[in-house]
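Spelled out from the first residue to the last, the chains are:
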Amino acid sequence: MKGQGRKSTTSQSREVKKPTEMDQKDEAIVNQQEAPVPSDSEEDSDYEYSGDSDYDYDSSDSLDYQSESAGSGELEENDDDNSGDSEGAESQDEDAVNPDGGSEGSDLHQGGGVESDSSEDEVAPRNTIGEVPLKWYADEPHIGYDITGKKIKKKEKADKLDSFLKNVDDSKNWRKIYDEYNDEVVELTKDEIKMVRRLIKNGAPHADFDPHPTYVDWFKWDDAKHPLSNAPEPKRRFIPSKWEAKKVVQYVRAIRKGLITFDKPKEADGPYLLWEDDSGLAEKEKHLTYIPAPKQKLPGHDESYNPPLEYIPTQEEINSYQLMFEEDRPKFIPKSFGSMRSIPAYENAMKEAFERCLDLYLCPRIRKKRLNIDPESLKPKLPSKKELKPYPVTCYIEFKGHEGAVTSISIEASGQWMASGSSDGTVRVWEVETGRCLRRWEVGEPVSCVAWNPLSDIHILAVSAGQDVLLLNTCLGDEEEQKRIKELLWAEPPKTSDDAGTKAPSVSWVKDDEHEGIRLKHLKAVTSVEWHRKVLIHQLSKKATQKLPFKLRGIAVRSTFHPSRSIFFICTQKSVRVYDLLKSKLIKKLDTGLKEASSIAVHPGGDNLIVGSKEGKLCWFDMDLSSKPYKILKCHPKDINNVVFHRSYPLFATCSDDGTAYVFHGMVYSDLNKNPLIVPLEILRGHANSNGKGMLDCKFHPRQPWLFTAGADKLIKLYCHH
């Protein structure tokens, strides 16, 4: 049977290996501490009846039987050395049986479980969801379920302000930690806080733990009668080594051949000689950037104790030295002495020696690489001026007749006539080819602007003086043209309205019998006048005034129209606003970056414009490129009064209070990938300044590359390309 087989096997193993005295002592101690174990005969009888169905056995018996059977199997396979281990396993299995006939397993099934001394088992965790991520329950009002299947509700989160006030009043708030896993607040004890502090300092969590215990030598040397090894010394320890002798010979030969070298001891740094000629030292030659100190100039005849007479200055020359700047004043004045015994000590000897030492000690001398770059190669490659001709170069005609500064000029569309306005209150019409004054009007106020009608068959001149704008008939053209002009310049007398509540218009059209034209009365002063080709006839025929529905952000300085589209440009002191007149909305805002803009001009293509400022800067804007200036040119030292584009030639010009006009080549390409080409061409001079004013206005001829300039010196000049 199984029991008999096991008994025989164990008896055989015990016969093979006899227990020593030490084993017998250990077994006696174990037998005294453990409970009484049934004999082998009782065990065998239990195993014999294990197969009987009438025998009642509990779960502990089955567990003991399985453990014993496993132990028997190991005894059959293992050697005799493992027999002692099998006996220990049997004793452990037998110890699991209680003296009362029961076992630990049976007690646990009956409900009498063994109590644990772990602090974690005393309070069960509230979270019953296990290792499930908490984000799964982030949007749920509960966190897990209890043993009855009911939901465990989360704690309601208090208001942040209430929790803050509560924490301020609570002196133990710094001990509390929110346990997100169990949804509760845990308060740390003093022992736990001390443990955390020890862990922060990289110490052991328990204060009783000693990380550096005293070393206990396990070997006792006091009772040792013999050494660890009592073998006699070998003979090889008393005979010189042949291998070491060969190695020494190899090293000696390598040293003699120079294969092995020894580092020379470094010499201590001695004193540094400041006045030594160190240009040829070997140590300094190693440094590529080292430059020797410059040598002082040797004394000449003027520093001799008995110099020639021509080196000795007179008293007048010595007095003139005192009037010179200290930098230009000579540092040494020669004097003559009869003998070397009468030469006094040099006053600045210590000072010069000290400054020399400072220069040698503090001023670094480094060899710097100089780049040999031709300055001309850094300049942008621009076409020559000969390739950009024609452009105005010389003064051809001077127009004289005004008694005050000429503030504004305008050229007729055909280029045959020119109009000018002056601060003396007169407006004149000139013939360009001959310089003859054709007509003159007395306005009575200083004229700020004159603008000729852009249509060549309608000779109407607009003049702004004070708060009024005059539309004058120049009496040029044939009878049919004059008849049409008179129809346009006819205005009905103003009607007196009885309604007191109606708002008066901002501009009123009044017939001017004195000048046979129309006077437009404004509420405030008018600074500039601009014409538009398409709006002119329509507005003149209806005698209507349209107020732009735009609210300006700043003071308007100048305004102009787009050459071909219904776009209106308004230049303020800081920016340029572009409006669409048909849609009545803002299209774009251009930021000039200038302190105060003074003038504006639009390119005939309509996609580029230039803005002049009172600080002498010129800004070129490419509207398709950006709202920032494409280029900023600092050309004039004083205020720029006007900027203008030529209608057909790639030219633009500026005039300033410095009495000069700058002519530029400004080519705008049809290819959008090419940037505009800007080249300075000529500086035109000829106007004299008067009361701090120079050139006040400039205009190009509509067909020829000619430039008209008006100055504060009462002159108008025409510059031609010949």
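Residues numbered from 1 in each chain as written. Predicted model: local features only at pLDDT ≥ 70, side-chain atom pairs only at ≥ 80, totals over all residues. Heavy atoms only, no water.

- You'll find the protein chain entered in an unreviewed UniProt entry as Ribosome biogenesis protein BOP1 homolog, with Vicia faba given as the organism.
- Under the UniProt heading Sequence similarities (unreviewed entry), the entry covering the protein chain gives this text: "Belongs to the WD repeat BOP1/ERB1 family."
- The UniProt entry for the protein chain carries this comment under Function (unreviewed entry): "Required for maturation of ribosomal RNAs and formation of the large ribosomal subunit." (UniProt positions renumbered as here; feature names shortened; annotations may be inferred.)

Regarding the overall build of the protein chain
Stage number 1. The helix and strand tally for the protein chain stands at 15 helices and 29 strands.
Stage number 2. When burial is assessed residue by residue, the protein chain has 29% of its 722 residues classed as buried.
Stage number 3. A total of about 51700 Å² of accessible surface is found on the protein chain, and carbon and sulfur atoms cover 52% of it. (Helix = DSSP H or I, 4+ residues; strand = E, 2+ residues; numbered from the N terminus. Buried < 20%, exposed > 50% of the residue type's maximum accessible area, 1.4 Å probe, protein only. Areas by Shrake-Rupley, 256 points an atom, 1.4 Å probe, with all protein chains shown as cover.)

Details of the side chain of Ser599
Stage number 1. Mapped onto the elements, Ser599 comes out in strand S19 (residues 597-602).
Stage number 2. When residues no more than four places from it in sequence are discounted, the contact partners of Ser599 are Arg558, Ile610, Val611, Gly612, Ile640, Asn641, Asn642 and Val643. (Contact = heavy atoms within 4.5 Å.)

Points about a negative patch on the surface
Stage number 1. Residues Glu303, Glu352, Glu355 and Asp359 make up a contiguous surface patch of negative charge.
Stage number 2. Assessed through its relative accessible area of 39%, Glu355 is described here as partly exposed. (Patch = residues over 30% accessible without salt bridge, like charges linked within 9 Å, V, L, I, M, F, W, Y side chains within 5 Å. Salt bridge = Lys/Arg side-chain N within 4 Å of Asp/Glu carboxyl O. Lys, Arg positive; Asp, Glu negative; His and termini not counted. Charge placed at Lys NZ, Arg CZ, Asp CG, Glu CD.)

Comments concerning a positive patch on the surface
Stage number 1. On the surface, a cluster of positive charge is made up of Lys172, Lys190, Lys194, Arg197 and Lys201.
Stage number 2. Structurally, the position occupied by Lys190 is in helix H8 (residues 190-200).

Details of the sheet that holds strand S22 (residues 631-634)
Stage number 1. Across the sheet, four strands lie side by side as S19-S20-S21-S22; this open sheet has antiparallel pairing. Among the strands making up the open sheet, the edge pair consists of S19 and S22. Across the sheet, the mean angle separating the axes of adjacent strands is 20° when strand polarity is ignored.
Stage number 2. Judged from the five bridges that link them, strand S20 (residues 608-613) and strand S21 (residues 617-622) form a sheet pairing that is antiparallel. Note that in S21 the partner of Leu609 across the bridge is Phe621. (Pairing = 2+ DSSP bridges. Axes fitted to C-alpha atoms, helices over the stretch in contact; angles between N-to-C directions.)

With respect to the confidence of the model for the protein chain
Stage number 1. Mean pLDDT for the protein chain: 76, with 74% of residues reaching 70 or above.
Stage number 2. Contacts for the low-pLDDT stretch residues 1-121, under 50 throughout, to residues beyond four places or in other chains number 54 contacts.
Stage number 3. The low-confidence segment residues 497-502 (pLDDT under 50) makes one contact with residues lying over four places distant or belonging to another chain. (pLDDT = per-residue confidence, 0-100.)

Side note on the pattern of salt bridges
Stage number 1. Taken as a whole and judged by the stated rule, the model has 13 salt bridges.
Stage number 2. A salt bridge links Asp457 to Arg484; the nearest nitrogen and oxygen atoms lie 3.7 Å apart. One end of the pair, Asp457, is in the loop between strand S10 (447-452) and strand S11 (460-465); the other, Arg484, is in helix H14 (residues 479-488), with 27 residues separating them in the sequence.
Stage number 3. You can call Asp457 partly exposed: its relative accessible area is 32%.
Stage number 4. On the basis of relative accessible area, Arg484 is assigned to the partly exposed category, the value being 39%.
Stage number 5. The partner of Lys699 in a salt bridge is Asp697, with the nearest N and O atoms 3.1 Å apart.
Stage number 6. Look at the salt bridges and you will find they share partners, linking Glu398, Lys400 and Lys717 into a network.

Digging into the sheet that holds strand S7 (residues 417-422)
Stage number 1. What the four strands build is an open sheet, ordered S6-S7-S8-S9; its pairing is antiparallel. Whereas interior strands pair on both sides, the edge strands pair on one side only; in this sheet they are strand S6 (406-411) and strand S9 (437-442). Mean inter-strand twist for the sheet, computed between neighbouring axes without regard to direction, equals 15°.
Stage number 2. Where strand S8 (residues 426-431) and S9 come together, five bridges link them in antiparallel fashion. Within S9, the residue paired with Thr426 across the bridge is Glu442.

Structural notes on the side chain of His142
Stage number 1. Following the sequence through the fold, His142 ends up in strand S1 (residues 142-145).
Stage number 2. A residue is classified by how much of its surface remains accessible, and His142, at 4% relative accessible area, is buried.
Stage number 3. A polar contact of 3.4 Å, which involves the side chain of His142, links it to the side chain of Tyr145.
Stage number 4. Residues in contact with His142, not counting those within four places in the same chain, are Tyr137, Lys151, Ile152, Lys153 and Lys154. (Polar contact = N/O pair within 3.5 Å; in protein donor to acceptor, adjacent residues only side chain to side chain.)

Focus: the packing of aromatic side chains
Stage number 1. Summed over the entire model, instances satisfying the criterion amount to eight aromatic pairs.
Stage number 2. Taken together, a centroid distance of 5.7 Å and an interplanar angle of 70° make the contact between Phe399 and Trp430 edge-to-face. Placement of the pair is Phe399 in strand S5 (residues 394-399) and Trp430 in strand S8, with a sequence separation of 31 residues.
Stage number 3. Accessibility expressed as a relative area gives 1% for Trp430, which makes it buried.
Stage number 4. Plain terms: the ring middles of Trp620 and Phe645 are 5.7 Å apart, the flat faces sit at 80° to each other, and that makes the pair edge-to-face. Here the residue Trp620 occupies a position in strand S21, and Phe645 occupies one in strand S23 (residues 640-645), the gap between them amounting to 25 residues. Summarising the burial analysis for this pair, Trp620 and Phe645 share the class buried.
Stage number 5. In this structure an aromatic cluster arises from ring pairing among Trp620, Phe645, Phe652, Tyr662 and Phe664.
Stage number 6. Here the basic side chain of Lys674 rests over the ring of Tyr669, its NZ or CZ set 5.1 Å away from the ring centre. (Phe/Tyr/Trp six-rings, centres within 6.5 Å; stacked < 30°, edge-to-face > 60°. Lys NZ or Arg CZ within 6 Å of the ring centre and 35° of its normal.)

Considerations on the pairing of S21
Stage number 1. Within S21, five of the six residues are buried, which leaves the element mostly enclosed by the surrounding structure.
Stage number 2. Hairpin connection from S20 to S21: three residues lie between these consecutive antiparallel strands, with Gly616 at a positive phi of about 85°.
Stage number 3. Relative to S22, S21 is paired through four bridges, and the arrangement is antiparallel. Following the sheet pairing, Trp620 is matched in S22 by Lys631.

Observations regarding the pairing of S8
Stage number 1. In terms of residue burial, S8 counts as a mostly covered element, since six of its six residues are buried.
Stage number 2. What you see with S8 is no split at all: Thr426, Arg428 and Trp430 on one side and Val427, Val429 and Glu431 on the other are buried throughout.
Stage number 3. Count of turn residues in the S8/S9 antiparallel hairpin: five residues, of which Gly435 carries a positive phi of about 80°.

Some points on unusual backbone geometry
Stage number 1. The omega angle of the peptide bond from Lys389 to Pro390 is 10°, so this bond is cis rather than trans.
Stage number 2. Positive phi, close to 55°, is recorded for Ser584, a residue that is not glycine.
Stage number 3. With respect to the helices and strands, the residue Ser584 is situated in the loop between strand S17 (575-580) and strand S18 (585-591).
Stage number 4. Judged by its relative accessible area of 38%, Ser584 is partly exposed.
Stage number 5. In this structure, Lys714 takes a positive phi of about 70° despite not being glycine.
Stage number 6. Within the element layout of this structure, Lys714 appears in the loop between strand S28 (707-711) and strand S29 (716-720).

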